[in-house]
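Analysis of the macromolecular model
For reference, the chains in residue letters:
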Amino acid sequence: MLIDRLDQYFLREERDRPRDYFYVSEVGKCPRQIYYAVRGFPRPPLDGLTARKLAVGDDAHRRLVQALYGMGIVVAAEVPIPPGNLFHGRCDVIVSLDGKNYVVEIKTAHPYTFEQMASGPRRDHYLQLQLYLHYFGIPQGIVLAENKATQELREFVVPYDKAEVGRVLGQFERLRELIFIRGELPPLPGSEEKRDWEFDQCRYCPYVPFCSENVAALDRTAPEPAPAERVPRETLFDLD
Ligand code: SF4
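Residues numbered from 1 in each chain as written. Predicted model: local features only at pLDDT ≥ 70, side-chain atom pairs only at ≥ 80, totals over all residues.

Moving on: the environment of Y135. You can see Y135 is positioned in helix α5 (residues 123-136). A C-alpha to C-alpha distance of 35 Å links Y135 and G48, two positions 87 residues apart in sequence. Beyond its immediate chain neighbours, meaning those up to four positions away, Y135 contacts I81, P82 and N85. (Helix = DSSP H or I, 4+ residues; strand = E, 2+ residues; numbered from the N terminus. Contact = placed C-beta atoms within 7 Å.)

As structure tokens, this is what we get:
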């Protein structure tokens, strides 16, 4: 009666607009996926189940930030990176504890991923936080993770890592040159690059039909290749 209707209600089209910058959330992503996203290649619609899972993550963010406000320790929330930089993004919240400011990056994690975070934050979460520390000039931050199934929390206090930030900025400067200046499709990632991936991104990639044919530009006069079907039960978002 209702489930199909709710799935239809939550289903939404996802079309990236072409842009000339990167999002902080793209750190750790396949360079080819980034290419297709910044060039506005079409993606399959977000199915109702995945959209509802994302909404649960958004609710957790709101709940935790609200609690931090209630504790009276919030300095600022949803702070954007200053314009004109290579990256765009908004940090979740900045808190003040014992006279020090901390950028807090809130993540909700699938129970499996949460267990993998027993001794440290996920690498892409760590690097995203590092970029905020860099752009805001704050020397420390916290990755705060919530288990999506149990609401258990884990936190990792990390200092600014200048060397890693330099490496990431260098990597994305080269990607900027390749994509925005030379207009080239990045090469297929090899086993070396994939070793850094947190999961098999190809398995959940919405751009397989383009990537497998090495498509670098959209032919607006030709019919679009059928977008890969999104896997409703286990998606990229499950692994966040
Ligand atoms: S299919 Fe794999 S290599 Fe190709 S864009 Fe997607 S993630 Fe990257």
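Before going further, it helps to examine the site of the ligand. Close to the ligand lie C30, R32, Q33, L188, P189, Q201, C202, C205, Y207, V208 and C211. Contributing elements (two or more residues each) for the shell around the ligand: α2 (31-38) and α8 (208-211). By residue class, the composition of the shell around the ligand is 8 nonpolar, 2 polar and 1 charged. (Near = placed C-beta within 6 Å. Nonpolar A, V, L, I, M, F, W, Y, C, P; charged D, E, K, R; others polar.)

Turning our attention to the packing of α5 against helix α6 (residues 162-181). Remark: α5 packs on α6, axes separated minimally by 10 Å, with the N-to-C direction vectors making an angle of 100 degrees. As the angle between them shows, α5 and α6 are arranged roughly perpendicular. Taking contact as the criterion, the partners of L127, Q130, L131 and H134 in α5 are, on α6, E164, V165 and V168. When its residues are assigned to classes, the contact of α5 with α6 shows 4 nonpolar, 2 polar and 1 charged. (Axes fitted to C-alpha atoms, helices over the stretch in contact; angles between N-to-C directions. Parallel < 35°, antiparallel > 145°, perpendicular 65-115°, else oblique.)

Here α6 contains 20 residues, and its C-alpha end-to-end distance of 27 Å stays within 8% of the 28 Å for a straight helix at 1.5 Å per residue. When α6 is considered as a whole, its buried residues turn out to be V168, F172 and I179. Within α6, the buried residues cover an arc of 25 degrees as seen down the axis, which keeps them to one side. Turned more than 90 degrees off the buried face of α6, the exposed positions are K162, A163, G166, G170, E173, R174, E177 and I181. One or two residues past the end of α6 sits G183, with phi positive at roughly 65 degrees. (Expected span 1.5 Å × (residues − 1). Buried ≥ 20, exposed ≤ 12 C-beta atoms within 10 Å, placed from the backbone. Arc of directions from axis to C-beta.)

What follows deals with the pairing of strand β6 (residues 140-147). In this structure, strand β5 (residues 100-109) lies alongside β6, joined through 7 bridges in parallel fashion. Bridge assignment links K107 to a residue of β6, and that residue is A145. The sheet contact formed by β6 and strand β7 (residues 153-159) spans 7 bridges and is antiparallel. Along β7, the bridge assignment pairs E146 with L153. Counting the residues in the hairpin turn of β6 and β7 gives 5 residues, including Q151, whose phi is positive at 65 degrees. (Pairing = 2+ DSSP bridges.)

Structural measurements only, silent on function.
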